[in-house]
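# Structural overview
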Amino acid sequence: MESGDPLVTAEGLKDHISAPDVRVVDATWFAPFLNMKKTGRQAWAESHIPGSVYFDIDAIRAGGTDLPHMLPDPVMFSSRVRKLGLGDGNRIIVYDQFNFFASARVWWMLRVMGQRDVKVLDGGLRAWTEAGGEIEDLPPVPVERHFTARVRSDLLKDAEQMLAASKSGLYTIIDSRSAERFSGEAPEPREGLPSGHIPGSVCLPSDKLRTPDGMMKSAEELAKLFPNPSAATIATCGSGVSAAVLALALARLGNWDVAVYDGSWTEWASDGSRPIATGPA
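For the rest of this paragraph, the subject is the packing of aromatic side chains. Within this structure, the stated rule accounts for 8 aromatic pairs. On the numbers, 5.5 Å between centres and 75 degrees between planes, the contact of Phe30 with Phe98 is edge-to-face. Placement of Phe30 in the loop between strand S2 (22–26) and helix H2 (40–46) and of Phe98 in the loop between strand S4 (91–95) and helix H4 (101–112) is noted, with a sequence separation of 68 residues between them. With 6.2 Å between their ring centres and 50 degrees between their planes, Phe55 and Phe77 make a pair best called tilted. With Phe55 in the loop between strand S3 (53–54) and helix H3 (74–83) and Phe77 in helix H3, this residue pair connects regions lying 22 residues apart in the sequence.

The following block contains the structure:
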């Protein structure tokens with residue numbers, strides 16, 4: 001049973017970064033609709049925490065689907081992360097250069113594949129540099145390490161399971177997209193995709209979980225945002241990335257078993273047979 005805080009402070013990482021079993025992962029990713037001038041990989045190449053490897057969610061993804069960055073099968077996942085030097089016996093710290101976005105996603109991916117000792121750096125690279133942490137632009141040379149995948153299927157939901165969950169009311173379904181997209185008032189960034197939400201879901205935008213300086217809110221503050229933090233919960237979003245921020249926040253509140261709907265709204269709304277609700281968040 002996982003316990004404790006799923007986040008680590010910059011000072012905590014500084015204290016342990018030289019330990020032989022610690023591996024640091026940069027998971028920076030920018031959604032296409034943000035129109036950033038660089039990619040996550042370019043941001044990592046320009047500056048990163050010393051020794052950190054780059055985990056690209058657009059590359060470590062399932063094939064055979066046009067859905068973005070879907071979770072790959074355990075064989076492919078193990079092969080890719082081994083080459084990053086991530087494996088059995090490691091303590092993995094994931095960070096981001098953009099608002100917990102993909103660091104939470106990679107934290108969740110690793111946990112689905114059975115990695116138990118993985119945390120997210122609170123505040124990401126910004127917190128690291130503000131704490132006096134060094135940065136570099138030299139790519140590390142990782143030593144391949146065996147990774148044993150032990151899939152936790154309870155942390156992953158597909159469209160059929162979501163349809164059943166929507167009808168049954170047995171899960172709290174939380175959507176991390178904006179209130180305007182959730183209600184159907186604002187268009188989706190993906191052309192041709194209707195906005196709205198899965199019937200029975202509630203809206204809690206992921207940016208509400210952060211402080212103005214990019215840290216995760218305290219457990220006391222987070223507890224006020226969730227109607228029932230200990231309830232059986234499924235997190236969803238646009239494409240399965242920011243949903244993991246909800247799972248990370250709920251883990252901070254002691255609920256480590258939050259599932260993520262991997263296909264999220266991109267999958268759900270692309271099939272006209274699936275019900276779409278609109279209205280206030």
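Resuming the write-up.
Another aspect to go through is the side chain of Ser47. Tracing the backbone shows Ser47 in the loop between H2 and S3. By relative accessible area, which is 18% here, Ser47 ends up buried. Discounting residues that sit within four places of it in the chain, Ser47 has contacts with Gln97, Leu125, Ile135 and Glu136.

Sheet architecture is open: 5 strands sit in the order S6-S10-S9-S7-S8, paired in parallel fashion. A strand with exactly one partner marks an edge of an open sheet, and here the two such strands are strand S6 (156–157) and strand S8 (202–203). With 2 bridges joining them, S6 and strand S10 (residues 259–261) adopt parallel strand pairing. Directly across from Lys157, in S10, lies its bridge partner Tyr261. Against the sheet, helix H9 (residues 243–252) engages strand S7 (172–175), strand S9 (233–236) and S10, with an angle of about 145 degrees to S9.

Pairing is parallel across the open sheet formed by 5 strands, whose spatial order is S1-S5-S4-S2-S3. Two strands bound the open sheet, and with one partner strand each, they are strand S1 (7–8) and S3. Of the pairings in the sheet, the one linking S4 to strand S5 (residues 118–121) comprises 3 bridges and is parallel in character. Across the sheet, residue Ile92 finds its bridge partner in S5, namely Val118.

Across the 5 residues that make up S2, a large majority, 4, are buried. Judged from the 5 bridges that link them, S2 and S4 form a sheet pairing that is parallel. In the sheet register, Val24 faces S4, and the bridge partner there is Ile93. Bridge count for S2 against S3 is 2 bridges, and the pairing is parallel. Bridge pairing in S3 places Asp26 opposite Tyr54.

Conventions and cut-offs
- Residues numbered from 1 in each chain as written.
- Predicted model: local features only at pLDDT ≥ 70, side-chain atom pairs only at ≥ 80, totals over all residues.
- Heavy atoms only, no water.
- Phe/Tyr/Trp six-rings, centres within 6.5 Å; stacked < 30°, edge-to-face > 60°.
- Helix = DSSP H or I, 4+ residues; strand = E, 2+ residues; numbered from the N terminus.
- Buried < 20%, exposed > 50% of the residue type's maximum accessible area, 1.4 Å probe, protein only.
- Contact = heavy atoms within 4.5 Å.
- Pairing = 2+ DSSP bridges.
- Axes fitted to C-alpha atoms, helices over the stretch in contact; angles between N-to-C directions.

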